[in-house]
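Structural features, examined
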Amino acid sequence: GAGKDKKKAESKEKKPVAIDFDDIHRRVRRVSLPGTKERNLFWSHDSTKLLFTAQVDGKGGTYSISPAESLKPTLLSTRTGAQAKWIAPGNQIVWLSGKVPGSMSSSGSTKSYKFSVVQEVDRSKRNKAAFDLCWRTMRDFYYDEAYNNRNWDEIRRKYAVAADQSLTLDELSTIVNMMLGELNGSHLGFMTWDRIPHRFRTPGMPPSRTSNQPPETTAHLGVRFDSAYRGPGLKVRDVLKGGPADKRKSKILAGEIILSIDDHNVDPAMDLTELVNGPLARDFRLKVRDAKGNDRDVVLRPIDYEAARDLLYEGWVHRTRKQVDKLSGGKFGYLHIRVMEMDCFYRFERELYAAGAGKDGLVIDVRENPGGFIADHLLTMLTQPAHAVTVNRGGQPGYPQDRMVYATWHKPIVVLCNQNSFSNAEIFSHAIKTLKRGKLVGVQTGGCVISTGATTVMDLGMLRMPFRGWFVLGDGQDMELNGAMPDYVVWAKPCEMPSGIDHQLTKAVEVLKEEVAVEKKRPRPRLLKASER
């Protein structure tokens, strides 16, 4: 008996894990599934299968791969869920799908466990616990251990009583955000789950407060109206290029008058939302009167206001580019970076040659840019080291772009920034000065630069967590609360830019002319003649 027990005990002892570290990096294998985004990754209990949620070949569900055997995904079930784990007992996958727990066997059969539990919650104590967790998280992880020279313990005492007396999530959110505001820092905030914007939501989050409401959109007709016109009808001030009123079959011209929408007479005094609010996928029938007094029917499919803003933005970029061309006599190009995200980077790279072809310099504009993460990608394009020149027979000196990581620009630049340039747009502006790559023109940036993440607060919401500061190389200045200061400060007066007056742009072109003049005086690399080689 004792011998058998001893053998059983020995057999149950865990065997040591032996890892072969030699060339372990060569055994890394990448799984690429074109046209899909994998999420909710988790391993089987024996580590032989990797599972994830995805949509493969149009079929959404829970998939698995077996790295040791095959990297081809296998659909286990069309069911998905949050917080999934594959456990050894019963060889099954368990998860929380929304608020309903369920399980799935290794063969793909699913089972739900529908039950409810009554729970009593002391809202005041729960909110106080959430408040304490927010305070403690910032205490332990905020990037500045001096908390911007605030007494973080005293700040907790200041708001703790109010948190203890709060009864609603809105009250809790207000109190936590007031506490965070004492830090006078950027990239801060607390949001309850139901207040998180749609673009930041992830699977498993509780529904938003508006998720069950029927969709209603304020339609945009692709025109803007003359506010001085008193009627009858609405006088078109301008038409958005590329918008629904700029198409051949639904053309409307500036100066024309829209008399009615879907047979309802319109005038400047009425609330147009009564006519245009509703589903976006529908046509409007307009009665339009031209300059000669002739009436006609126009049928158009509207756009939403986000699409209208995009068209207005493109129009502004086009006009600004033409203005730079005019001010420079056709010698400078212009590029605006709307957001520091990869889509805008790819656009910048695509447009670099078109904007810079045959030009002596570039005006690069990051005004009104809220930030992102592409500053170093841009700097790679603008600061690529030059180590050689290439010359075709009878051609001009150059360098093959196919050898570069990105398209590159070596000629002079001037960067425009303003008080609404934030975060990564500020990092880019600081870098341009630090690297002496060009001059800054405009207004000091916002001083809102911290690397931030997010953390959950119980089951109530999400807290932004600024965990890493950015400091200027050289003087060590913290970019937070210290925006990039332009070499040439130019403030725009109220109403000037909406009227097409842009003194910052004019100054940028003036400075770039000086930079180009200096660049042209620098000696060019001499190429050896055949007799000298």
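Refer to the structure printed above.
This structure is a prediction, so every number in the text was calculated from the model and none was measured.

Quick notes on the overall build of the protein
- Scanning the protein from N- to C-terminus turns up 10 helices and 24 strands.
- The C-alpha atoms of the protein give 31 Å as radius of gyration, which overshoots the globular expectation for 533 residues (24 Å, by more than 25%).
- Expressed as lengths along the three principal axes of its C-alpha atoms, the size of the protein is roughly 105 × 85 × 55 Å.
- Per-residue burial over the protein gives 37% buried out of 533 residues.

Details of helix H6 (residues 305–327)
- Helix length check: H6, at 23 residues, gives a terminal C-alpha distance of 33 Å against a target of 33 Å (1.5 Å per residue), a fit within 8%.
- Turning to H6, its buried residues number three or more, namely Ala 308, Tyr 313, Val 317, Thr 320 and Val 324.
- Put simply, Asp 304 is the residue that caps the front of H6, since its side-chain oxygen is 3.3 Å from the backbone nitrogen of Glu 306.
- Gly 329, located one to two residues past H6, shows a positive phi value of around 65°.

As for helix H7 (residues 342–356)
- Helix length check: H7, at 15 residues, gives a terminal C-alpha distance of 21 Å against a target of 21 Å (1.5 Å per residue), a fit within 8%.
- In H7, a bend of some 35° at Arg 350 exceeds every other bend along the element.
- On its buried face, H7 sits against strand S18 (332–336), strand S19 (361–365) and helix H8 (375–382).
- Just downstream of H7, Gly 358 is the residue with a positive phi angle, here 75°.

Let's talk about the packing of helix H2 (residues 123–141) against helix H4 (residues 169–181)
- Contact geometry of H2 with H4 gives a least axis separation of 10 Å together with a crossing angle of 25°. In terms of orientation, H2 and H4 fall into the roughly parallel class. The element H2 and its partner H4 pack so that their crossing is right-handed. Contacts between H2 and H4 pair Arg 126, Asn 127, Ala 130, Phe 131, Cys 134, Trp 135 and Met 138 from the former with Leu 169, Leu 172, Ile 175, Val 176, Met 179 and Leu 180 from the latter.
- Classifying every residue of the contact of H2 with H4 gives 11 nonpolar, 1 polar and 1 charged.

Digging into the pattern of salt bridges
- Taken as a whole and assessed by the stated rule, the structure comprises 23 salt bridges.
- In this structure, the salt-bridge partner of Lys 128 is Asp 132, at a minimum N-O distance of 3.1 Å. Taken as a pair, Lys 128 and Asp 132 lie in helix H2 at a separation of 4 residues, close to a single helical turn. Considered together, Lys 128 and Asp 132 belong to a single accessibility category, that of buried residues.
- Measuring nitrogen to oxygen at the nearest pair gives 2.7 Å for the salt bridge that ties Asp 238 to Arg 224. Residue Asp 238 is found in strand S12 (residues 234–239), and its partner Arg 224 is found in strand S11 (residues 223–225); the two are separated by 14 residues along the sequence.
- Using a relative accessible area of 30% as the deciding quantity, one classes Arg 224 as partly exposed.

Quick word on the pairing of strand S22 (residues 450–457)
- In this structure, S22 lies alongside strand S23 (residues 461–469), joined through 8 bridges in antiparallel fashion. Paired with Ile 450 across the bridge in S23 is Gly 469.
- In this antiparallel pair of consecutive strands, S22 and S23, the connection spans 3 residues, and Met 458 shows a positive phi of 50°.

Some remarks on the sheet that holds strand S21 (residues 439–442)
- Strand order in the open sheet formed by 5 strands is S18-S19-S20-S21-S24, and the pairing between neighbours is parallel. This sheet does not close on itself; its edge strands, each paired only once, are S18 and strand S24 (488–489).
- With 4 bridges connecting them, strand S20 (residues 413–417) and S21 associate as parallel partners. Each residue of the ladder has a partner; that of Leu 416, found in S21, is Val 441.
- On the sheet, helix H9 (residues 424–434) packs against S19, S20 and S21 and is oriented at approximately 145° with respect to S20.

Focus: a nonpolar patch on the surface
- Side chains of Val 17, Ile 19, Phe 21 and Ile 24 sit close together on the surface and give an oily, nonpolar patch of about 440 Å² of accessible area.
- Turning to its location among the elements, Ile 24 is positioned in the loop between helix H1 (2–12) and strand S1 (39–43).
- Note on Ile 24: relative accessible area 38%, which makes it partly exposed.

Regarding the packing of aromatic side chains
- Inspection of the entire model under this criterion finds 7 aromatic pairs.
- Between Tyr 313 and Trp 316, the ring centres sit 6.3 Å apart and the planes meet at 35°, which makes this aromatic pair tilted. With Tyr 313 and Trp 316 both in helix H6, this residue pair falls 3 residues apart, about one helical turn.
- For Trp 316, a relative accessible area of 24% translates into the label partly exposed.
- Its end group placed over the ring of Trp 135, Arg 156 keeps NZ or CZ at 5.5 Å from the ring centre.
- One residue, Arg 338, lies across the ring of Tyr 313, its end atom 4.3 Å from the ring centre.

About the cut-offs
Residues numbered from 1 in each chain as written. Predicted model: local features only at pLDDT ≥ 70, side-chain atom pairs only at ≥ 80, totals over all residues. Heavy atoms only, no water. Helix = DSSP H or I, 4+ residues; strand = E, 2+ residues; numbered from the N terminus. Rg over C-alpha atoms; globule rule 2.2 N^0.38 Å. Buried < 20%, exposed > 50% of the residue type's maximum accessible area, 1.4 Å probe, protein only. Expected span 1.5 Å × (residues − 1). Polar contact = N/O pair within 3.5 Å; in protein donor to acceptor, adjacent residues only side chain to side chain. Bend = angle between axes of the 7 residues up to and from the residue. Contact = heavy atoms within 4.5 Å. Axes fitted to C-alpha atoms, helices over the stretch in contact; angles between N-to-C directions. Parallel < 35°, antiparallel > 145°, perpendicular 65-115°, else oblique. Left-handed = near helix turned anticlockwise from the far one by under 90°. Nonpolar A, V, L, I, M, F, W, Y, C, P; charged D, E, K, R; others polar. Salt bridge = Lys/Arg side-chain N within 4 Å of Asp/Glu carboxyl O. Pairing = 2+ DSSP bridges. Patch = residues over 30% accessible without salt bridge, like charges linked within 9 Å, V, L, I, M, F, W, Y side chains within 5 Å. Areas by Shrake-Rupley, 256 points an atom, 1.4 Å probe, with all protein chains shown as cover. Phe/Tyr/Trp six-rings, centres within 6.5 Å; stacked < 30°, edge-to-face > 60°. Lys NZ or Arg CZ within 6 Å of the ring centre and 35° of its normal.

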